[in-house]
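# Chains, contacts and geometry: an overview
Spelled out from the first residue to the last, the chains are:
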Amino acid sequence: MNYKYVLKNSLFILATGFIISFSNFIFSPIYISKLGNDNFGILSLIISISFMFTTLFSINNVALIVRYSDISNPKKKKDFIGTAFILQLIFLALIISIVLISQGSVINVFFDKIKYDTFLKYALLIGSINSLQSIPLGYYWGNKLFLKYRMIPIMGFVLNFIFLYIFLYAYDGGIYDAINAIICSSLLMGVFSIYKFFNISRFIFNISFAKIIIRFSSPILIYSILGLLIDIVIRQKIENFLSLDQLGLYSIIFLISTVPIIILNSLNNVWLPVIYTNSLKKNIVKLFNDYIYLSIRVLVIISVSVCLYSKEVLLFFFNEEYLNLNNASSVLIIMTIGNSLFSFLWTHLSNEMNYYKKTNGYLLTTLFSFAVTILFSSFFINKFNFIGVAFVSVISNFVVCLSAYIILSLSAGVKGSYFKSVLFYVICIFSVSIFMYTLGDYAENILIKIFFNILILAYILTRIYTYFQNEKLTFK
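Residues numbered from 1 in each chain as written. Predicted model: local features only at pLDDT ≥ 70, side-chain atom pairs only at ≥ 80, totals over all residues. Heavy atoms only, no water.

## Digging into the overall build of the chain
Secondary structure summary: the chain contains 20 helices and 0 strands in total. Counted over contacts in the chain with a minimum sequence separation of 6, partners at least 24 positions apart contribute 83%. Split by element, the accessible area of the chain, about 20,800 Å² in all, is 67% carbon and sulfur. (Helix = DSSP H or I, 4+ residues; strand = E, 2+ residues; numbered from the N terminus. Contact = heavy atoms within 4.5 Å. Areas by Shrake-Rupley, 256 points an atom, 1.4 Å probe, with all protein chains shown as cover.)

As structure tokens, then:
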């Protein structure tokens, strides 16, 4: 394998991943124009909570199947996947039973204006159905079948678009119709996912495999849930202390700020299975460091681009007076720069944790971050209003990275070379900031932004190409 392989598959994963991850961003103009800012804020919260339930009910099966994709015996692989799916169904039934018995009170405790009976029950339903996709997704990703891996969520996107158009435009519907559209597309994809499961596995429960799955997945599952809860807590504080329309604004800013992270994840989807399958034959430290070198430079390109055009992108959704009132551009820039860097660090540190099977560190990192978010979110949002949301988001991600670095250092030892990459990122962001500051009013000119952006893009892509030519990737 060489850089052409990485580029080709990363671009494919990126193109499809952008559509998948940004489906809500793509649909946002439809939501806002038809539902208004308040209802859009409610819908964005429902979608966010449904993601949490999807992650919860998937019990980390996607990452699990990828990590154990090297099981060579076909029968054992089927039994392993079948056991994972049965555990998922048992866990799903348990959680839904708890919610139903409590009549939604375990969810209502977090929110003031939005309740289980009115809206949040739909998030539970959508998350339950979408979690069924975890088995085929993990199987295709682990076997590097990238086309099939991406076709499942792409089909979901297309179905979602069709139903949204029918429910919102053809029938001039409201927020409940938008929710019904999402449910319909999820149901069809759920049926398709079960059909795919029976193509690759069967219903079987193996005690030995179940122990392995629980031991590997439990810490990562708790990490994933706490990570999503951090976002839910931030949204809950916006709902409580600010307003529902600002909740909608935050949803748009959050989506835009994750563009660099989405691209980084696209690279990770291609690179990680290759590292696992080549680690016994190649220098694992070199494999990680090649990836670190590449990804930080890609991250700089995208982070700078998002920051340069932050105002122009936000004006696509909201008027300038509303954006200025909420310091929206500043919030977007802070979240993009800070969260991109810390997401980069976490991605690589978690890759090392997975490789060395030190997944217990996942739990501690998010426990610390969740505690910090709970302790300081109300203070920052009360003190700094909407811009305080950005501070909370960045601080929570910083705590995750710092604790992950310490835990990995004490357990397996940190193998990746991170200092130079962080320094490179900071120098680039600082240099761009100084340059734009010295331009003064000219910095608002879109042509100057585009020209400057092209220069940065050309410089970094040249550095990446030269590195890959001189160093060569250490795997085939």
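## Observations regarding helix α13 (residues 284-308)
For α13, which comprises 25 residues, the first-to-last C-alpha distance of 36 Å matches the rise-based estimate of 36 Å (1.5 Å per residue) to within 8%. In terms of residue burial, α13 counts as a mostly covered element, since 22 of its 25 residues are buried. (Expected span 1.5 Å × (residues − 1). Buried < 20%, exposed > 50% of the residue type's maximum accessible area, 1.4 Å probe, protein only.)

## Let's talk about the packing of aromatic side chains
Enumeration over the complete set of coordinates arrives at 13 aromatic pairs. Centre to centre, the rings of phenylalanine 85 and phenylalanine 203 are 5.9 Å apart; their planes meet at 25°, and the pair counts as stacked. Placement of phenylalanine 85 in helix α4 (residues 74-101) and of phenylalanine 203 in the loop between α9 (175-200) and α10 (207-241) is noted, with a sequence separation of 118 residues between them. With relative accessibility at 4%, the residue phenylalanine 85 sits in the buried group. If you follow arginine 297 out to its NZ or CZ, it ends over the ring of tyrosine 293, 3.7 Å from the centre. Directly above the aromatic system of phenylalanine 424 lies the positively charged group of arginine 297, at a separation of 4.2 Å from the ring centroid. (Phe/Tyr/Trp six-rings, centres within 6.5 Å; stacked < 30°, edge-to-face > 60°. Lys NZ or Arg CZ within 6 Å of the ring centre and 35° of its normal.)

## Observations regarding the environment of leucine 64
Locating leucine 64 in the fold gives a position in helix α3 (residues 61-67). For the pair leucine 64 and isoleucine 214, spaced 150 residues apart in sequence, the C-alpha to C-alpha distance is 9.9 Å. What leucine 64 contacts, discounting residues up to four positions off in sequence, is Phe80, Ala84, Ile213, Phe216 and Ser217.

## Let's talk about the pattern of salt bridges
Applying the stated criterion across every chain yields a total of 3 salt bridges. Between lysine 311 and glutamate 320 there is a salt bridge, with the nearest N and O atoms lying 3.1 Å from each other. Judged by relative accessible area, glutamate 320 falls into the partly exposed class, the value being 38%. In this structure, the salt-bridge partner of glutamate 312 is lysine 449, at a minimum N-O distance of 3.0 Å. Taken together, the residues glutamate 312 in helix α14 (residues 310-314) and lysine 449 in helix α20 (residues 446-471) connect sequence positions 137 residues apart. When its relative accessible area of 4% is taken as the criterion, lysine 449 is described as buried. (Salt bridge = Lys/Arg side-chain N within 4 Å of Asp/Glu carboxyl O.)

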